Amino acid sequence: MTKTIDKPKITKMSDLALIAGVSKSTVSRALAGNVLVNKETRDRIAALAREHNYRINTKARNFRTKQSLTIGLMVPSSQSKWQINDPFFLELLGSIAVALNERGHELLLSSAKLSAEHGIDELVSQSHCDGLIFIGQADIHQQLNDLASFNHAMVVWGGKLDDQKYVTVGGDNHKGGYEATKHLLSMGYQRVAILGDYSTVEGSMRFAGYRQALEEAGIAFDESLCIQPEAVKNGGMKAVQKCFDAGVRFDALFAFSDILAMAAIRGLTPRGVSIPDDVAVVGYDDIALAGYYLPPITSIRQDRELGGQLLVEKLLALLEGEQVDSSLLETTLVVRQSSVKQQ
């Protein structure tokens, strides 16, 4: 009995053009039934497409004809890992909206909570969007990989992983965590606590940077200084207070977001702790409010303006059928009063 060998699936028009020995534009015209391509060539290309399970990307064709596209913005927010009212998210959202508007495309915002426990395939298929932008990976990295495998046009704001099949844009989280901790250590602080969820992709990278800075300074890692925010209202503030009330003492704190940094300050101040004289605080993201808070918060800046532009540019390039690489953005330390003792 002869075994049937399945032909490898082709997802790119350029690969089909290579097999057919014609140009990409000829393949496009042939599959569209354009009479500029003779019938024999059209039939041959159609047969090759069927043989290799190739399906024409109608979204890319719509994009090339300059029709207005609808781009879906989705927020993975399992429990407290991503909140749609986070100022950093809103500032990044604004940048994405501006970039799409400049190109004549529409933005559809989904506030659905996406998590590993709930399949996202059906939600995505019902979104009726030409392309998708995910803000954060939360705990759905594998689901995002699965979506990318099925040729979904999508880009993700988040950390870059070795096994990812999707395109990401995001700050250098490892460097950000390292620079935040190194800054505190350079100021003479010895017991640096962290406040944040380090089970997420971005959080784990910031945590790794924190550990590296401690190791280089010859300071032993102390698990009691790792404070996980609770999945409740004011969870960050309550977690810091619970830790402090349990007798755990620290002279500095690195928070995984500016909102968490503010929560830490709100939690410590009623305990008679002075910021930064008793405890220095560094946040992350450098949202606009960070510079106006009392005291103004030292923070790791992520360029959300550039990030939003790149997310849109890369998604539109994917819709054009282009090969697109991920981008790692620089993070910079912005020093303010929350981490510098007054002389």
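Everything below is about the structure printed above this text.
Remember, predicted model here, so these are calculated numbers, not experimental data.

Draft legend 1. How the structure looks around the overall build of the protein. Tallying secondary structure elements over the protein gives 12 helices and 12 strands in all. For the protein, the proportion of its 343 residues judged to be buried stands at 50%. In the form shown here, the protein has an accessible surface area of approximately 16,800 Å², with 50% of it arising from carbon and sulfur atoms.

Draft legend 2. A look at unusual backbone geometry. Omega for the peptide link from Ile-275 to Pro-276 comes to 10 degrees, which places this bond in the cis form. Along the polypeptide, Pro-276 turns up in the loop between helix H11 (258–268) and strand S9 (280–285). Despite not being glycine, Asn-234 has its phi angle at roughly 60 degrees, a positive value. Looking at the secondary structure, you find Asn-234 in the loop between strand S7 (226–227) and helix H10 (235–245). Although it is not a glycine, Asp-286 adopts a positive phi angle of roughly 55 degrees. One can find Asp-286 in the loop between S9 and strand S10 (298–302).

Draft legend 3. Region of the structure containing the packing of aromatic side chains. By the definition in use, this model includes six aromatic pairs. Centre to centre, the rings of Tyr-198 and Phe-207 are 4.6 Å apart; their planes meet at 15 degrees, and the pair counts as stacked. For Tyr-198, a relative accessible area of 23% corresponds to the partly exposed category. Taking the relative accessible area as the measure of exposure, Phe-207 reaches 15% and is therefore buried. Taken together, the ring pairs in this structure connect Tyr-198, Phe-207, Tyr-210 and Phe-221 into an aromatic cluster. One Lys or Arg, Arg-206, reaches over the ring of Tyr-284 and ends 3.7 Å from the middle of that ring. Its guanidinium or amino end placed over the ring of Phe-221, Arg-211 lies 3.9 Å from that ring's centre, counting from NZ or CZ.

Draft legend 4. Structural context of the nonpolar core. Ile-96, Ile-133, Ile-135, Ile-227, Phe-250, Leu-253 and Leu-311 are the most contacted members of the largest nonpolar core, which has 73 residues in total. If we ignore the near neighbours within four places in the chain, the residues touching Ile-133 are Ile-71, Gly-72, Leu-73, Met-74, Ile-96, Val-155, Leu-311, Val-312 and Leu-315. Of all hydrophobic cores here, the second largest spans 12 residues; its members include Met-13, Ala-17, Val-27 and Leu-48.

Draft legend 5. Main features of helix H1 (residues 13–20). When we look at burial in H1, the residues that qualify are Met-13, Leu-16, Ala-17 and Ala-20. Down the axis of H1, the sector holding all buried residues measures 100 degrees, keeping them to one side. Just past H1, the residue Gly-21 takes up positive phi, approximately 75 degrees.

Draft legend 6. Focus on the side chain of Ser-339. Mapped onto the fold, Ser-339 is located in the segment after strand S12 (331–334). Within polar-contact distance, the side chain of Ser-339 engages the side chain of His-183 at 2.8 Å. There is a polar contact of 2.7 Å between the side chain of Ser-339 and the side chain of Thr-298.

Draft legend 7. Broad picture of the pattern of salt bridges. Under the definition given, this model contains 10 salt bridges. For Asp-222, the salt bridge goes to Arg-191, with nearest N and O atoms at 3.3 Å. Separated by 31 residues along the polypeptide, Asp-222 in the loop between helix H9 (201–216) and S7 and Arg-191 in the loop between helix H8 (173–186) and strand S6 (192–195) bring together distant segments of the chain. Between Arg-301 and Glu-305 there is a salt bridge whose closest N-O contact spans 3.3 Å. Arg-301 gets classed as partly exposed once you look at its relative accessible area, which sits at 26%.

Draft legend 8. Looking closely at the pairing of strand S4 (residues 154–157). Of the two faces of S4, the one lined by Met-154 and Val-156 and the one lined by Val-155 and Trp-157 are each fully buried. One ladder, built from four bridges, connects strand S3 (residues 131–135) with S4; its direction is parallel. Across the sheet, residue Ile-133 finds its bridge partner in S4, namely Val-155. Relative to strand S5 (residues 167–171), S4 is paired through three bridges, and the arrangement is parallel. Bridging from a neighbouring strand, Trp-157 pairs with Val-169 of S5.

About the thresholds
Residues numbered from 1 in each chain as written. Predicted model: local features only at pLDDT ≥ 70, side-chain atom pairs only at ≥ 80, totals over all residues. Heavy atoms only, no water. Helix = DSSP H or I, 4+ residues; strand = E, 2+ residues; numbered from the N terminus. Buried < 20%, exposed > 50% of the residue type's maximum accessible area, 1.4 Å probe, protein only. Areas by Shrake-Rupley, 256 points an atom, 1.4 Å probe, with all protein chains shown as cover. Phe/Tyr/Trp six-rings, centres within 6.5 Å; stacked < 30°, edge-to-face > 60°. Lys NZ or Arg CZ within 6 Å of the ring centre and 35° of its normal. Core = buried A, V, L, I, M, F, W, Y, C linked by side-chain atoms within 4.5 Å. Contact = heavy atoms within 4.5 Å. Arc of directions from axis to C-beta. Polar contact = N/O pair within 3.5 Å; in protein donor to acceptor, adjacent residues only side chain to side chain. Salt bridge = Lys/Arg side-chain N within 4 Å of Asp/Glu carboxyl O. Pairing = 2+ DSSP bridges.

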